[in-house]
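Architecture and fold: a report
Residues per chain, in single letters:
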Amino acid sequence: MSELKLMKGNEALAEAAIRAGADAYFGYPITPQSEVIEYLMAEKPHERTGMVVLQAESEIAAINMVYGAAGAGKKVMTSSSSPGISLKQEGISYIAGAELPCLYANVVRGGPGLGTIQPSQADYFQSTKGGGHGDYRQIVLAPASVQEMADFVKDGFELAFKYRIPVLILSDGVIGQMMEKVELFDPIPRLTDAEINEKYPWATTGKKSGTERRIITSLDLDSHKMEEHNHKLQAKYKEITEKEVRYELIDCDDAEYVIVAYGSSARIAQKAVRLARAKGIKVGLFRLITLFPFPSVKMHEMCGKGIKGFLAVEMSSGQMVEDVRLAVNGCSKVAHFGRYGGIVHTPEEVLEALEQKIIGG
Amino acid sequence: MTEELIIAGFGGQGVLSMGKILAYSGIMQNQEVSWMPSYGPEMRGGTANVTVIVSDERISSPILTIFDSAIILNQQSMDKFEAGVRPGGTLLYDPNGITRHPKRKDINIYQVEAARLASEMGNTKIFNMVVLGAYLKIKPVVKMENVILGLKKSLPERYHKLIPLNEDAINAGLKNVIAVQELH
């Protein structure tokens, strides 16, 4: 059994990065995720594991430092909140194009623009439908607890290296700022340069005589080659869609209605499920853990088994609900409820929406 | 057992750290806890509040609008949170600086003059621990030995010499809480 601590989500994410054997973190502070870099600076991971922590001059510099370190086969991460994540999109597209592994976290705040510093889930489209330019995807993990803020760092790095793909931990101001009990996993040692060289035949670790040059680029001016490259990327995304879907079903066994939610909205929805069950309403919660890949197959299957309606609950004007509609594909009623712009909906509001939009609607 | 509590007052009163000590105390007795602060452009003198949940079960929403208990430490918080106490629930407040006292007839109401007691003990910084003591007298959700363990966990080592003072403050709160209205 490892250590039990009371930590903020942001602090758990930072501590998990050290324990996951990360080689480097590059970042730039922004509310509500500044505790990540604050914790890392105070913790001096260089003395614990040799991990580099650097405050870059901007978010753009930080993501390009990530690109460089990832190219050298290093376990590297960055984090920010919504406006800062927008700045990083060019770098993320390049990392996706160059097929490099990296982990980054977005502790979402309300937008658009500088918006507000209060919690939001309005970056769903940016996270799952591109964000940067080009035909790429990234794995998106949505933690709903401080425990998952820690655990998904470890899982995220594993997925990033397994598929050589950017992995995003899509959190929000609630999960970042709240404190909960967290059981920290045992530290994983950082890889040595020799181990990186051996494990990752693509990593640019310095050309030895008699070996092939290793080139990292997202550019190919020959369109036929570029289409080939895109085919390869799409095959990878297909494999991820088939193998890496994650979700949690709560009280769904006898449910007539289902609330679909992720992150802090899923926690609030879980309370709404309890309130509804106390009134005799048979409702369950479909908590998304991966947003890409989206659990469309399972959702459609549930729909065929007699679920009368799905309520998509998210702190946005209706983004995730589009994927719910695609999954359900007309087989059952789908409605959306959510507060936004930094307002967090309450369990009572979710219950009212369920009664009005799904049961009575 | 599940206790859903809001602690609300001014920034600088120790509202957030009081919640943190309570949460740590819950962990010490193997309970589930959550601590969700209001965060924002707040500073000393502005309003601050934190929702603390201590439960035997997995905690669902860390954000609530209805509470089992409210600890209210300034007028703005009284105006905002009196209505949020569940019927039959508990409201504890320090009357110091309160001009409009709680009016609800369907909740238990208690007072503790924490600001005066802390000042009489010669250290206004222990104000929050006096309040915590008063709260634990009404709602013994965590055992006193676990509060001391919680204090040790949440205070940096260099402040551990202040733990006896904090204990005295908790005891002062325990002894001096007054029932204003108790439902039977």
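Residues numbered from 1 in each chain as written. Chains lettered and ligands numbered in written order. Predicted model: local features only at pLDDT ≥ 70, side-chain atom pairs only at ≥ 80, totals over all residues. Heavy atoms only, no water.

Focus: the pattern of salt bridges
Put simply, the rule reads: The salt bridge criterion pairs a side-chain nitrogen of Lys or Arg with a carboxyl oxygen of Asp or Glu, the two atoms within 4 Å. Elements are defined by DSSP. Helices are runs of H or I of four residues or more, strands are runs of E of two residues or more, and each kind is numbered from the N terminus.
According to the stated counting rule, one finds 33 salt bridges over all chains in the structure shown. Among the ionic pairs, Glu-248 of chain A bridges to Arg-287 of chain A, the shortest N-O distance being 2.8 Å. Placement of the pair is Glu-248 of chain A in strand 9 (residues 247-250) and Arg-287 of chain A in strand 11 (residues 283-288), with a sequence separation of 39 residues. Note that Glu-120 of chain B and Arg-116 of chain B form a salt bridge whose closest N and O atoms lie 2.8 Å from each other.

Remarks on the interface of chain B and chain A
Convention followed: Pairs of residues are marked as contacts when any of their non-hydrogen atoms sit within 4.5 Å. Computed with a 1.4 Å rolling probe, the buried area is the accessible surface lost when two parts are put together, summed over both parts. Whenever a nitrogen or oxygen atom comes within 3.5 Å of another N or O atom, the pair is scored as a polar contact, on the condition that within protein one atom can donate a hydrogen and the other can accept it, and that pairs from neighbouring residues in sequence are kept only if both atoms are in side chains. Classes in brief: Ala, Val, Leu, Ile, Met, Phe, Trp, Tyr, Cys and Pro nonpolar; Asp, Glu, Lys and Arg charged; the others, Gly included, polar.
Listed per partner, the contact involves 26 residues of chain B and 27 residues of chain A. Taken over both partners, the interface formed by chain B and chain A buries close to 2,300 Å², and the fraction arising from carbon and sulfur atoms is 59%. Considering only the surface of chain B that becomes buried against chain A, Tyr-39, Arg-58 and Ser-60 of chain B emerge as the three largest contributors, covering 31% of it. Where chain B touches chain A, the interface holds 4 salt bridges. Here Glu-4 of chain B makes a salt bridge to Lys-271 of chain A, at a shortest N to O gap of 2.6 Å. Applying the counting criterion to the chain B and chain A interface returns 11 residue pairs in polar contact (both at pLDDT 80 or more). Secondary structure elements with two or more residues in the side of chain B that touches chain A: helix 1 (15-28) and strand 2 (32-37) of chain B. When residues of the side of chain B that touches chain A are assigned to their parent elements, the largest contribution, 6 residues, is made by strand 2 of chain B. Along the lines of polarity and charge, the residues of the side of chain B that touches chain A split into 14 nonpolar, 7 polar and 5 charged.

Here we look at the domain arrangement of chain A
All names here are of chain A. As a reminder, the rule being used: In this document the domain limits rely on a domain assignment from an automatic tool or a database.
Taken domain by domain, chain A holds domain 1 (4-193) and domain 2 (247-359). Between domain 1 and domain 2, the C-alpha centre-to-centre distance is 27 Å. Taken together, the 29 residues of domain 1 in the interface contact 24 residues of domain 2. In terms of surface lost to domain 2, no three residues of domain 1 exceed Gln-121, Tyr-124 and Phe-125, which account for 33% of the buried area on that side. Between the two partners, domain 1 and domain 2, sit 3 salt bridges. The shortest N-O distance in the salt bridge between Asp-323 and Lys-129 comes to 2.6 Å. The set of elements that each furnish at least two residues to the side of domain 1 that touches domain 2 consists of helix 6 (124-128), strand 6 (139-141), helix 7 (146-163), strand 7 (166-172) and helix 8 (173-177).

Digging into the state of the cysteines
Residues and elements named next belong to chain A. Applied cut-off: Put simply, a disulfide is two cysteine sulfurs that come within 2.5 Å.
In the structure shown here, the tally under the stated rule is 1 disulfide over all chains. One disulfide in the model links Cys-303 with Cys-331; its S-S distance is 2.1 Å. Measuring handedness by torsion sign, the sulfur bridge of Cys-303 and Cys-331 sits at about -130 degrees and is left-handed. Of this pair, Cys-303 sits in helix 12 (residues 296-304) while Cys-331 sits in the loop between helix 13 (320-328) and strand 14 (333-337), and the two are 28 residues apart along the sequence. Cysteine Cys-252 is unpaired, with the sulfur of Cys-303 as its nearest cysteine sulfur at 13 Å.

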